Amino acid sequence: MLRFNYHSHTNYCDGTCSAENMIKSAIDQGLRYFGISSHAPLPFETDWTMKNTDLIRYIDELKQLKHKYKNKITVFSGLEVDYVPDLEMLTNKADLISGIDYIIGSVHFLGKLKDATRWTVDYDKSEFERGISESFNGDRKSAVKNYFRLIGDMADKMEPDIIGHLDLIKKNNQNNYFFDESEPWYIETVRNCLKRIANTSSVIEINTGGVARGYMKEFYPSDWILKEVLEMEIPVTISSDSHKSEDIASRFDDAVSKLESLGFEKIHYLTENGWQKIDVGSLKWQKK
Ligand SMILES: [Zn+2]
Ligand SMILES: [Zn+2]
């Protein structure tokens, strides 16, 4: 049975395991294709992205590990690259260093606080509240619209291989705490973003990380968004966004069932020859 995952983190960024331990665990968990995608360095300090000075070492190490384990698993070197407002020039695909097989494009940053530091949408409720208050004058709707505009801009300009956790903005919105995800303006905003993605070659991931780590009930993106994705014929892959080795294939089978129940027939997976698709049914776990 084919298993794959292209969204995983190591101790080069905020993951807890070495790249080699992640690969060994991917082999143990029966993955055929495995991509490592540590958070790419940024031109400012964070405690969760790779240091600029580590990038060359990261690429070299993955190159060696790819070779070392090539008879057991196909390893890809990736990066999760942030699309940061006001820093667009630095996040263009062309600026990426050779040796990287694919990139995941994500939006974590949504603006600057009054003290000029940048805030992320996925930290916690109080940072989210402060960010909306200081960067958007308390206008939640405008913050959410801006988030999805950035995702659309990223798709247009970077055309990443994979769009990371499309509706990450809902992470701190449990029980519609900040905004109502069923309101027409929200649906329209997401739809417009999907239309922009549909015009690119980017693949959307169904990201199981939030559910696997226990703080989300639904995957990214939500079911209704996945239905729109299907209707717009945007390709989909499955990712765990694992930050530790045990989570590499976490909820993979649930994601397959979810996609099947929503009517998806094909799932995309990255190979040595680029993206291929496979029938959802053939990914279902069959007990021997
Ligand atoms: Zn991310
Ligand atoms: Zn990630």
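Shown above is the structure to which this text applies.
Residues numbered from 1 in each chain as written. Chains lettered and ligands numbered in written order. Predicted model: local features only at pLDDT ≥ 70, side-chain atom pairs only at ≥ 80, totals over all residues.

A. Examining the nonpolar core more closely. Formed by 71 residues in total, the largest nonpolar core has its most connected members in Tyr147, Ile151, Ile204 and Val236. The dominant element in this core, judged by the number of residues it contributes, is helix α4 (residues 140-158), at 8 residues. (Core = buried A, V, L, I, M, F, W, Y, C linked by C-beta atoms within 7 Å. Buried ≥ 20, exposed ≤ 12 C-beta atoms within 10 Å, placed from the backbone. Helix = DSSP H or I, 4+ residues; strand = E, 2+ residues; numbered from the N terminus.)

B. Highlighting the sheet that holds strand β2 (residues 33-39). Pairing is parallel in the open sheet, where 7 strands are placed in the order β1-β2-β3-β4-β7-β8-β9. One side of each edge strand has no neighbouring strand; the edge strands of this open sheet are β1 (4-5) and β9 (236-239). Strand direction decides the pairing type here: strand β3 (residues 74-82) and strand β4 (residues 102-106), joined by 5 bridges, are parallel. Paired with valine 81 across the strands is glycine 105, a residue of β4. (Pairing = 2+ DSSP bridges.)

C. Layout of the environment of proline 235. Structurally, the position occupied by proline 235 is in the loop between α7 (223-231) and β9. Put simply, proline 235 and phenylalanine 264 are 29 residues apart on the chain and 9.9 Å apart in space, counted from C-alpha to C-alpha. Each residue touching proline 235, except ones within four places of it in the same chain, is listed here: Val203, His268 and Trp275. (Contact = placed C-beta atoms within 7 Å.)

D. Local environment of helix α3 (residues 125-135). Regarding α3, the residues found buried are Phe128, Gly131, Ile132 and Ser135. Buried residues in α3, looked at end-on, bunch into an arc of 95 degrees, giving them a common side. The secondary structure elements touched by the buried residues of α3 are β5 (109-112), β6 (118-120) and α4. Following α3 by one or two positions, asparagine 137 adopts a phi angle in the positive range, close to 50 degrees. (Arc of directions from axis to C-beta.)

E. A look at helix α2 (residues 55-68). Taking 1.5 Å per residue, 14 residues should reach 20 Å; α2 reaches 20 Å between its end C-alpha atoms and fits that length. Restricting attention to buried positions, one finds in α2 the residues Tyr58, Leu62 and Leu65. Down the axis of α2, the buried set is contained in an arc of 65 degrees. They therefore lie on one face. Turned more than 90 degrees off the buried face of α2, the exposed positions are Ile56, Arg57, Asp60, Gln64 and His67. The inward-facing, buried residues of α2 abut α1 (19-28), β2 and β3. (Expected span 1.5 Å × (residues − 1).)

F. Main features of the packing of α1 against α2. Packing of α1 against α2 leaves a shortest axis separation of 10 Å and a crossing angle of 30 degrees. The orientation of α1 relative to α2 falls into the category roughly parallel. Here the hand of the crossing between α1 and α2 comes out right-handed. For the pair α1 and α2, the contacting residues are Ala19, Glu20 and Ile23 in the first and Glu61, Leu62 and Leu65 in the second. A breakdown of the residues in the contact of α1 with α2 according to their chemical character gives 4 nonpolar, no polar and 2 charged. (Axes fitted to C-alpha atoms, helices over the stretch in contact; angles between N-to-C directions. Parallel < 35°, antiparallel > 145°, perpendicular 65-115°, else oblique. Left-handed = near helix turned anticlockwise from the far one by under 90°. Nonpolar A, V, L, I, M, F, W, Y, C, P; charged D, E, K, R; others polar.)

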